[in-house]
Amino acid sequence: MFRCVLAIESTCDETAAAVISEDGKILGECIATQTELHEQYQGVVPEIAARAHLDRILPVIDAALQQSNASVSDLVAIAVATHPGLPGSLLVGLSAAKGLALAWRKPIVGINHVQAHIYACGMGRPESVFPCIGFVVSGGHTSLYHCISPTEWIYISGTIDDAAGEAFDKVAVMLGLPFPGGHALSKLAELGNSKAIPFPRPMLDDKTRLDFSFSGLKTAVRYRIAGTGKQSWNALALAPQLKADIAASFQQAIIDCLVGKSMQAVKKFGVKRLCVGGGVAANREFRQQLTQTCHRMQIELHIASPELCTDNAVMGALAWEKIKLGQFDTLALDAKPGLLRKC
Ligand code: KG4
Ligand code: ZN
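Residues numbered from 1 in each chain as written. Chains lettered and ligands numbered in written order. Predicted model: local features only at pLDDT ≥ 70, side-chain atom pairs only at ≥ 80, totals over all residues. Heavy atoms only, no water.

Draft legend 1. Spatial organisation of the packing of aromatic side chains. Scanning the entire structure with this criterion turns up six aromatic pairs. Between Tyr145 and Trp153 the ring centres are 5.0 Å apart and the planes differ by 90 degrees, which places this aromatic pair in the edge-to-face class. On the accessibility criterion, Trp153 (3% relative accessible area) is buried. Consider the rings of Tyr145 and Tyr155, whose centres lie 5.7 Å apart with planes at 75 degrees: the pair is edge-to-face. With a gap of ten residues between them, Tyr145 in strand β7 (residues 142-149) and Tyr155 in strand β8 (residues 152-158) connect regions that are remote in the sequence. (Phe/Tyr/Trp six-rings, centres within 6.5 Å; stacked < 30°, edge-to-face > 60°. Buried < 20%, exposed > 50% of the residue type's maximum accessible area, 1.4 Å probe, protein only. Helix = DSSP H or I, 4+ residues; strand = E, 2+ residues; numbered from the N terminus.)

Draft legend 2. Broad picture of empty space enclosed by the protein. All told, the structure shown has one cavity of 30 Å³ or more when counted by the stated rule. Each pocket or cavity is described by its volume, and for the largest cavity that value is around 60 Å³. Lining the largest cavity are 13 residues, with Ile8, Glu9, Ala81, Ile111 and Gly316 sitting closest to its centre. The set of elements that each furnish at least two residues to the lining of the largest cavity consists of β1 (4-9), β4 (75-83) and α4 (113-119). Partitioned by chemical class, the residues of the lining of the largest cavity number nine nonpolar, three polar and one charged. (1 Å grid on protein atoms, 1.4 Å probe; cavity = no way out; pocket = protein on both sides within 12 Å on 5 of 7 lines; lining within 4 Å. Points joined across faces, edges and corners; volume = space filled by probe spheres on them. Nonpolar A, V, L, I, M, F, W, Y, C, P; charged D, E, K, R; others polar.)

Draft legend 3. Quick look at the layout of surface pockets. Estimated volume of the largest pocket: approximately 1300 Å³. Forming the boundary of the largest pocket are 50 residues, of which Ser138, Gly139, Asp169, Pro180 and Gly279 lie nearest the centre. Among the secondary structure elements, those contributing two or more residues to the lining of the largest pocket are β3 (26-33), α4, α5 (164-174), α6 (181-189), α8 (240-269) and α9 (284-296). Considering every element that reaches the lining of the largest pocket, the biggest residue donor is α6, with six residues. In terms of residue class, the lining of the largest pocket is built from 14 nonpolar, 24 polar and twelve charged. Counting contributing residues per domain, the lining of the largest pocket is built from domain 1 (4-118 + 310-324) and domain 2 (124-303), each supplying no fewer than three. Roughly 360 Å³ of internal volume is contained in the second largest pocket. What lines the second largest pocket is a set of 20 residues, and nearest its centre among them are Tyr119, Gly122, Met123, Arg125 and Glu321. (Domains from an automatic or database assignment.)

Draft legend 4. Representation of the packing of helix α7 (residues 215-226) against α8 within the structure. At a minimum axis distance of 11 Å, the contact between α7 and α8 shows a crossing angle of 165 degrees. Accordingly, the angle class assigned to the pair α7 and α8 is roughly antiparallel. Between α7 and α8 lies a crossing of right-handed hand. Facing Leu217, Val221, Arg224 and Ile225 of α7, the residues of α8 in contact are Leu242, Ile246, Phe250, Ala253 and Ile254. (Axes fitted to C-alpha atoms, helices over the stretch in contact; angles between N-to-C directions. Parallel < 35°, antiparallel > 145°, perpendicular 65-115°, else oblique. Left-handed = near helix turned anticlockwise from the far one by under 90°. Contact = heavy atoms within 4.5 Å.)

Draft legend 5. Inspection of the pairing of strand β2 (residues 14-21) at higher detail. Of all eight residues that make up β2, eight are buried, and the element is covered over most of its length. Because side chains alternate across β2, one face comprises the buried residues Glu14, Ala16, Ala18 and Ile20, and the other comprises Thr15, Ala17, Val19 and Ser21, equally buried. As judged from the six bridges shared by β1 and β2, these two strands associate in the antiparallel manner. Residue pairing in the sheet places Ile8 in a bridge with Ala17 of β2. Here β1 hands over to β2 after four residues, the two strands then running antiparallel side by side. In the sheet, β2 pairs with β3 via seven bridges, with the strands oriented antiparallel. Its bridge partner lying in β3, Ile20 is registered against Ile26. From the end of β2 to the start of β3, which pair antiparallel, there are four residues, and Gly24 there has a positive phi angle of about 85 degrees. (Pairing = 2+ DSSP bridges.)

Now the structure itself:
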C-alpha cells in the first residue's frame, strides 16, 4: 500500500485529474481540453464549459486512477480546486469530489487554483521555493502575492481589468489567429519586430501602484489594425509583416509590464525570490526576458515547467501541504468563484 491523493481540476475549460504520491511523484494524469467547443465563439462560454466538464469528469478521473494503479485504499484524500474559477465549472469538479469522498469515506481538501499555479513552480525541486513573491499570469488572472509558505499568502495586486492571457487571446482574434490565441500569437511574434509599434505600457511608470491594466492596450492594438473609430476590418487582408510586427510589439508591451511590475514587487517586499506560473508563463519570450532580468538583479527565479503552466490537476499536489497541516475540509465545502485576498 502507498499513500496518494486524487486531485481534480475544473476551474475553467480543462477537465483534469491526477494521482500524486506523498513524495510528489505523478502516478497518473489525464486532461481533457475543450478548445474545440469554444473556438467558434473565440472565448470560453461558461455554460458550455460546465456541461462539457459534466460529460468528462468521471472518465478523466477513471483514466488517471487506472494509469496510477492506485486502489481506493491507497487514497489519503480527494483534493479539488474550489476557487477561483467559473461557477458552473467549479461546481462540477466539487460535486464529483464530494461524491467520491462520501462513497469512499475519504477526507476532502479544497485547493486554491491560483495558489496551485504558484506551487507548480516548486514541483520536482529538492528545496522549497517559499517564501517568495508569487506571480500568476493566466487567462483569468494577473496577480502578485506575498507567499509566506505554500499555504499562507497575502494578495498584493492584480489587474484592474483584463488578465494578460485574456489580452493575448483577444488580440489574437483581431489578427485572425486561432483560439486560444496566446501560443499562436507568440509564434507569429517570432517573425516580427518588437520595436515596430510603440504600444502603451499601462501603469508601468506608476511606481506607487503594483496593479496591471491591459484593456487600453487591447484598444490601442485594435485602433492600429482598424484605424481610429472603425468597428471592423479584415484580418486576412493585413500584410503578413505588419501582422507579425503587431504581434511582436504587443507581446513586448505585455512582457515589459509583467517584468517591470514583478520587479517592483520584489523590491517593495524585500523578498528576492520570484515564482511564476499560469498559462502566459509558458510564453518563451517572457520566460527568457524575465530570466535575464532576474539574473541581472540577483533574484532567484522559478518558473513552472511549460506543461505545468496551463491548467492541470498535477499542481493539486499542494493538497499534501494542507494534509500535513491537518487542513481538511468537510462535505459542506463550497465553491468560491471570486479571487480570495488572503489565506
Ligand atoms: O492557466 P491557464 O491554462 O488558464 C487560466 O487559469 O486562465 O491559462 C490560459 C491562458 C490563455 O489565455 C492562453 O492564451 C495563455 O494562457 N497562453 C499563452 C501561451 N500559452 C498559453 N499566452 C502567451 N504565450 C503563450 N505561449
Ligand atoms: Zn489556471
